[in-house]
Amino acid sequence: DAGVIQSPRHEVTEMGQEVTLRCKPISGHDYLFWYRQTMMRGLELLIYFNNNVPIDDSGMPEDRFSAKMPNASFSTLKIQPSEPRDSAVYFCASSEQQGPGYNEQFFGPGTRLTVL
Amino acid sequence: QKEVEQNSGPLSVPEGAIASLNCTYSDRGSQSFFWYRQYSGKSPELIMSIYSNGDKEDGRFTAQLNKASQYVSLLIRDSQPSDSATYLCAVMGYSSASKIIFGSGTRLSIRP
């Protein structure tokens, strides 16, 4: 399996522009997670899906952030409009199941976002 | 109080020695515990998971869990320069709807 795939790997944009990050989870994994990592705040969970349904979006910082999972093999995280404080590395992760013994998450390579 | 706490380091250990990484958590209902390794500029990689009290060994790595003390640790024996990385402790509650909470990580440096 190719693992979790994310695109783009790097994104540089100007404040106010729309940014869309993409993720393909590992085939057969029912859970998909979006994280953001910064030096100041560490690794933060933004939202996660189970069987394409958003379960917990309490980590989404503001209404400028939205995430969708139209099918089992694709998810997007959109920021509109983007701001310099959104600059971070955004990771997508997937896991087969959740619950004791089944929560091992596999991370994609990340998208490094820079908002000027 | 943070939900998952780790000393940020850096922790400097001579090559060949034992590196000891520690983590405490606040939710007594937590059931699943993980150690992830993250090299600079790379994504987190799962290296150990532990679900019951005691020790779990995998090669040079040993995870230790003490739920009564709300404490989990990672020991790395025969430390190698390639072990230099940031180690993230992660904790999850019991239900399938629980989220994994990550600590801020401990930076480990193995000096030759």
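Overview of the structure. This structure is a prediction, so every number in the text was calculated from the model and none was measured.

## Details of the overall build of chain B
- Helix and strand content of chain B: zero helices and 11 strands.
- Relative to a compact globule of 112 residues, whose C-alpha radius of gyration would be 13 Å, chain B shows 13 Å and is just as compact.
- In terms of overall dimensions, chain B has C-alpha extents of about 45 × 30 × 20 Å along its principal axes.
- In chain B, which comprises 112 residues, the proportion classed as buried is 44%.
- Of the contacts formed within chain B by residues at least 6 apart in sequence, a portion of 54% connects residues at least 24 apart.
- Here chain B displays about 5,300 Å² of accessible surface, and carbon together with sulfur accounts for 46% of that area.
- Each charge sign in chain B was given a centre, from 11 positive and 10 negative side chains, and these centres are 4 Å apart.

## Quick look at the side chain of Ser49(B)
- Structurally, the position occupied by Ser49(B) is in strand β5 (residues 45-50).
- On the basis of relative accessibility, which here comes to 6%, the residue Ser49(B) falls in the buried class.
- A polar contact is formed between the side chain of Ser49(B) and the side chain of Glu104(A), at a distance of 3.5 Å.
- Apart from residues lying up to four places away in sequence, Ser49(B) is in contact with Glu104(A), Phe33(B), Phe34(B) and Lys56(B).

## A closer look at the packing of aromatic side chains
- A complete count under the given rule lists 12 aromatic pairs over all chains for this structure.
- Relative to Tyr48(A), the ring of Phe33(A) lies with its centre 5.3 Å away and its plane at 25°, an arrangement referred to as stacked. Residue Phe33(A) is found in strand β4 (residues 31-38), and its partner Tyr48(A) is found in strand β5 (residues 42-50); the two are separated by 15 residues along the sequence. Taken individually, Phe33(A) and Tyr48(A) each receive the classification buried, so the pair is uniform in this respect.
- Between the aromatic rings of Phe91(A) and Phe107(A), the centroid separation amounts to 6.0 Å while the plane-to-plane angle is 85°, which identifies the pairing as edge-to-face. Of this pair, Phe91(A) sits in strand β9 (residues 88-95) while Phe107(A) sits in strand β10 (residues 106-107), and the two are 16 residues apart along the sequence. For the pair Phe91(A) and Phe107(A), one class covers both residues: buried.
- Here the aromatic cluster, defined as three or more aromatic residues joined through ring pairs, consists of Tyr31(A), Phe33(A), Tyr35(A), Tyr48(A), Phe91(A), Phe107(A), Tyr36(B) and Phe102(B).
- The ring of Phe61(B) carries Arg60(B) above its face, with NZ or CZ at 5.6 Å from the centroid.

What counts as what
- Residues numbered from 1 in each chain as written.
- Chains lettered and ligands numbered in written order.
- Predicted model: local features only at pLDDT ≥ 70, side-chain atom pairs only at ≥ 80, totals over all residues.
- Heavy atoms only, no water.
- Helix = DSSP H or I, 4+ residues; strand = E, 2+ residues; numbered from the N terminus.
- Rg over C-alpha atoms; globule rule 2.2 N^0.38 Å.
- Buried < 20%, exposed > 50% of the residue type's maximum accessible area, 1.4 Å probe, protein only.
- Contact = heavy atoms within 4.5 Å.
- Areas by Shrake-Rupley, 256 points an atom, 1.4 Å probe, with all protein chains shown as cover.
- Lys, Arg positive; Asp, Glu negative; His and termini not counted.
- Charge placed at Lys NZ, Arg CZ, Asp CG, Glu CD.
- Polar contact = N/O pair within 3.5 Å; in protein donor to acceptor, adjacent residues only side chain to side chain.
- Phe/Tyr/Trp six-rings, centres within 6.5 Å; stacked < 30°, edge-to-face > 60°.
- Lys NZ or Arg CZ within 6 Å of the ring centre and 35° of its normal.

Function cannot be read off these values alone, since they describe shape.
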